[in-house]
Amino acid sequence: MEGGQRKQMAQARPGIGAIVLLGAPGAGKGTQAKALEARYDVPQISTGDMFRAHLTLCTKLGQQAKEYMVRGSLVPDEIVHNMVADRFLAPDCEKGMILDGYPRTVVQAEDLTKTLNNMGWPSPLVVYLALDYNLLLQRLTGRRTCPQCGRIYNIYLQPPAAEGICDLDSSPLVMRKDDREEVIRERLRAFTEQTRPVAKYYRQVGRFNKLDGSRSPDVITQDLFSLLDAERKNNGAAA
Ligand code: AMP
């Protein structure tokens, strides 16, 4: 596709386009992605959730990813690429998508830029949720998830009304296997070494926003709504 044609197509596309939520494990990307998904009617694409689904279904891809996930390392870029490439082509991505946990390396970020270009999308709007190390540890060790509806709780910061039970569907909450302390340390190390450079990459290419992730989830959600609504207004869509 020619550059001019691509630009025209990008302008013609309705919706919010690609939003990248960047941040360490435990920064609140999943919680915010769900709030954005509900408001803007675009899917949350969480590569972590996709890998977990493959693991549950015992697919070949799940088997490949497992050895990295159990020790808290990043799955190799090529495996990630093969998994996300098809997902972007699904009809529910027509108006945009909320990328949660992807890209996580500079190679993935470059790959995403190419994919979006080929699809006629502009570069993503990036929001980096910044948080200090100790708070991240507390967020991760306290995290509990509903296996039924995916709602995320924190036993210290955002507990359910009844201990261990989802407020929405009464399912027993579970702790992710990789939210144990020894694995958490490795995940945070992978973030510092491989994902922080992604923030630097986007800071240079533009449309980069940094938010204080230590505030309450609702306050951060309001910030995100304001940011996205302003973007849509600038792009000529009704907020
Ligand atoms: P998450 O649920 O996003 O914390 O991801 C859980 C695990 O899945 C990570 O610790 C990685 O092993 C793997 N993973 C998820 N997304 C990616 C990605 N974009 N690149 C590499 N590995 C990933």
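Note that the coordinates shown come from a computational prediction; the quantities given were computed from them, not determined experimentally.

To continue, consider unusual backbone geometry. Trans peptide bonds make up most of the peptide bonds, and negative phi angles are found at most residues other than glycine. Here the bond from Tyr 102 into Pro 103 is cis, since omega is 0°, no more than 30 degrees from zero. Located in the positive-phi region is Ser 170, a residue other than glycine, with phi close to 65°. Inspection of the secondary structure puts Ser 170 in the loop between strand 6 (152-154) and helix 8 (181-205). Residue classification places Ser 170 among the exposed residues on the basis of a relative accessible area of 52%.

For the rest of this paragraph, the subject is the sheet that holds strand 2 (residues 44-46). A sheet is described by the order of its strands in space; here five strands give the open sequence 2-3-1-4-7, paired in parallel fashion. Pairing within the sheet leaves two strands with one partner each, and these edge strands are strand 2 and strand 7 (208-212). Between one strand axis and the next, the sheet turns by 25° as a mean value, whatever way the strands run. When strand 1 (residues 17-23) meets strand 3 (residues 96-100), the two strands line up parallel, connected through five bridges.

A few words now on the nonpolar core. If you look at the biggest cluster of nonpolar residues, it comprises 58 residues, and the most contacted ones within it are Phe 51, Phe 88, Met 97 and Tyr 202. Looking at this core, the element that brings in the most residues is helix 8, giving seven residues. With sequence-adjacent residues up to four places away left out, Phe 88 is seen in contact with Ile 45, Cys 93, Met 97, Leu 99, Tyr 102, Leu 112, Thr 115 and Met 119.

Moving on: the environment of Leu 116. Along the chain, Leu 116 turns up in helix 6 (residues 106-119). Between the alpha carbons of Leu 116 and Phe 191 there is a distance of 24 Å; along the sequence they are 75 residues apart. With sequence-adjacent residues up to four places away left out, Leu 116 is seen in contact with Ala 18, Met 97, Trp 121, Pro 122 and Pro 124.

One way to put it is that helix 6 packs onto helix 8 with a least axis distance of 8 Å and a crossing angle of 40°. By the angle between their axes, helix 6 is oblique relative to helix 8. Here Val 106, Ala 109, Glu 110, Leu 112 and Thr 113 of helix 6 lie close against helix 8, whose contacting residues are Gln 194, Pro 197, Val 198, Tyr 201 and Tyr 202. Here the contact of helix 6 with helix 8 is built from residues that sort into seven nonpolar, two polar and one charged.

With respect to the helices and strands, the residue Ser 46 is situated in strand 2. Residue class for Ser 46 comes out buried when judged on its relative accessible area of 8%. Side-chain polar atoms of Ser 46 contact the backbone nitrogen of Asp 49, separated by 2.9 Å. Residues contacting Ser 46, with those up to four places away along its chain left out, are Arg 52 and Asp 100.

Low pLDDT means the predicted atomic positions in that stretch should not be read closely. Of all residues in the protein chain, 92% attain a pLDDT of 70 or more, and the chain-wide mean is 90. In this model residues 1-12 is a low-confidence stretch, pLDDT under 50, and it forms 11 contacts with partners more than four residues away in sequence or in other chains.

Calculation rules
- Residues numbered from 1 in each chain as written.
- Predicted model: local features only at pLDDT ≥ 70, side-chain atom pairs only at ≥ 80, totals over all residues.
- Heavy atoms only, no water.
- Helix = DSSP H or I, 4+ residues; strand = E, 2+ residues; numbered from the N terminus.
- Buried < 20%, exposed > 50% of the residue type's maximum accessible area, 1.4 Å probe, protein only.
- Pairing = 2+ DSSP bridges.
- Axes fitted to C-alpha atoms, helices over the stretch in contact; angles between N-to-C directions.
- Core = buried A, V, L, I, M, F, W, Y, C linked by side-chain atoms within 4.5 Å.
- Contact = heavy atoms within 4.5 Å.
- Parallel < 35°, antiparallel > 145°, perpendicular 65-115°, else oblique.
- Nonpolar A, V, L, I, M, F, W, Y, C, P; charged D, E, K, R; others polar.
- Polar contact = N/O pair within 3.5 Å; in protein donor to acceptor, adjacent residues only side chain to side chain.
- pLDDT = per-residue confidence, 0-100.

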